[in-house]
Amino acid sequence: MTVLDAERARAWLGRADELISLHAEELTALDAAIGDADHGANMARGMAAAVAAVAALGQEEAQTPAAVLKPAALALVSKVGGASGPLYGTFFLRAAGSCGQLPELGAGAIAEAVEAGIGGIVQRGRAQAGEKTMLDAWYPALEALRAHDEPAAAARAAASAAAVGRDATAAMRATKGRASYLGERSVGHVDPGAASTALIVQALADVLDP
Ligand code: ADP
Ligand code: MG
Ligand code: MG
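Please read all numbers here as calculations on a predicted model, not as lab measurements.

J.: I would appreciate a short explanation of the overall build of the protein chain in the present structure.
T.: When helices and strands are tallied, the protein chain shows 9 helices and 2 strands. In the protein chain, the order of α-helices and β-strands from amino to carboxyl end is β-α-α-α-α-α-β-α-α-α-α. Each of the three principal axes of the protein chain carries a C-alpha extent, and together these read 50 × 35 × 30 Å. Taking all 210 residues of the protein chain together, 58% fall into the buried category. Intrachain contacts of the protein chain at a sequence separation of at least 6 include 67% that bridge at least 24 residues.

Next comes the structure, spelled out in structure tokens:
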């Protein structure tokens, strides 16, 4: 069974960085429609900083998923100007907290870590499901993770669910974040943060279910 250990946590961030860079223009185009056209650049800069922070860790410092995710979280908070930096930073910080000293996470512990991360996003951003934010990709991902006992299957299902959640944000009216300034005119566009979340969850699936 493929579990999430420190090495795969590192690979997860690396793959997320890769996918975000590949799709940076798309993320920026989504943000151009309902925000300020910086989400691709914000996330590319943030993920690159996260990967660099993890690369700077010594082998003996990076023995657990938490030890990998925590410096990544701090890099995201400090390097992304914009709403998404503190929100993703808090996500990974809380997820790391949930992992504790565990050397490896199975599907249940991964779901718990994602649940803790979502709790951080909610506490910081005060959004709920259906407000057209990254949460609308994270919640379906969590539900899918919980429905599987095997990490590879769980992550793959979560990636599909996050993509469905991302697409469903098109029909929503934004009531949080910059897009909320557009009110009804935000309808018809996919939320950029939900799109980046779908990529981050896809990265997890690519690592756990290669
Ligand atoms: P900014 O809006 O400051 O330019 P970004 O463009 O990087 O920041 O990120 C925008 C994304 O952040 C949105 O698409 C949305 O998914 C997410 N977001 C904004 N506010 C919130 C919130 N209160 N709760 C959850 N997610 C939010
Ligand atoms: Mg923006
Ligand atoms: Mg901005």
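That was the structure; now back to the text.
J.: Is there a simple way to explain helix α9 (residues 192-208) in this structure?
T.: Two residues of an α-helix separated by three or four positions point the same way, owing to the 3.6 residues in each turn. The first and last C-alpha atoms of α9 sit 25 Å apart over 17 residues, in line with the 24 Å expected at 1.5 Å per residue. Burial runs high along α9: 16 of the 17 residues are buried.

J.: Explain the site of ligand 1 here, please?
T.: The environment of ligand 1 is formed by 24 residues, the closest being Gly 82, Gly 125, Thr 133, Gly 177 and Gly 193. Broken down by secondary-structure element, the contributors of at least two residues to the shell around ligand 1 are α3 (39-55), α5 (84-99), α6 (107-125) and α9. Residue contributions to the shell around ligand 1 peak at 3 residues, all from α9. Residue classes in the shell around ligand 1 are distributed as 8 nonpolar, 9 polar and 7 charged.

J.: What's the story with the nonpolar core in this structure? I'm lost.
T.: Within soluble globular proteins, side chains that are nonpolar generally end up buried alongside one another. Ranked by size, the top nonpolar core spans 71 residues in total, and within it Leu 69, Ala 72, Phe 92, Ala 141, Leu 145 and Ala 158 carry the most contacts. If we skip the residues at most four places from it in the chain, Ala 72 touches Leu 13, Ala 50, Ala 53, Val 54 and Phe 92.

J.: Would you explain the environment of Leu 19 in this entry?
T.: Locating Leu 19 in the fold gives a position in helix α1 (residues 6-22). For the pair Leu 19 and Ile 200, spaced 181 residues apart in sequence, the C-alpha separation works out to 7.8 Å.

J.: Please clarify how the packing of helix α7 (residues 135-146) against helix α8 (residues 151-168) should be interpreted in this entry.
T.: At a minimum axis separation of 7 Å, α7 and α8 run at an interaxial angle of 150°. By the angle between their axes, α7 is roughly antiparallel relative to α8. The two elements α7 and α8 cross, and the hand of that crossing is right-handed. Here α7 contributes Asp 136, Ala 137, Tyr 139, Pro 140, Ala 141, Glu 143, Ala 144 and Leu 145 to the contact with α8, which in turn contributes Ala 154, Ala 157, Ala 158, Ala 161, Ala 162, Val 164, Gly 165, Arg 166 and Ala 168. When the residues that make up the contact of α7 with α8 are grouped by side-chain class, the tally is 13 nonpolar, 1 polar and 3 charged.

J.: Would you mind showing me how to read the packing of helix α4 (residues 65-79) against α5 here?
T.: The relative placement of two packed helices comes down to the angle between their axes together with the axis-to-axis distance. Relative orientation of the contacting elements α4 and α5 amounts to 165°, with a least axis distance of 8 Å. Considering the angle they form, α4 stands roughly antiparallel to α5. Taken as a pair, α4 and α5 cross one another with a handedness that is left-handed. Note on element contacts: α5 touches α4 through Gly 85, Pro 86, Tyr 88, Gly 89, Phe 92, Leu 93, Ala 95, Ala 96 and Cys 99, opposite Pro 65, Ala 66, Leu 69, Lys 70, Ala 72, Ala 73, Leu 74, Leu 76, Val 77 and Lys 79.

Conventions we followed
- Residues numbered from 1 in each chain as written.
- Chains lettered and ligands numbered in written order.
- Predicted model: local features only at pLDDT ≥ 70, side-chain atom pairs only at ≥ 80, totals over all residues.
- Helix = DSSP H or I, 4+ residues; strand = E, 2+ residues; numbered from the N terminus.
- Buried ≥ 20, exposed ≤ 12 C-beta atoms within 10 Å, placed from the backbone.
- Contact = placed C-beta atoms within 7 Å.
- Expected span 1.5 Å × (residues − 1).
- Near = placed C-beta within 6 Å.
- Nonpolar A, V, L, I, M, F, W, Y, C, P; charged D, E, K, R; others polar.
- Core = buried A, V, L, I, M, F, W, Y, C linked by C-beta atoms within 7 Å.
- Axes fitted to C-alpha atoms, helices over the stretch in contact; angles between N-to-C directions.
- Parallel < 35°, antiparallel > 145°, perpendicular 65-115°, else oblique.
- Left-handed = near helix turned anticlockwise from the far one by under 90°.

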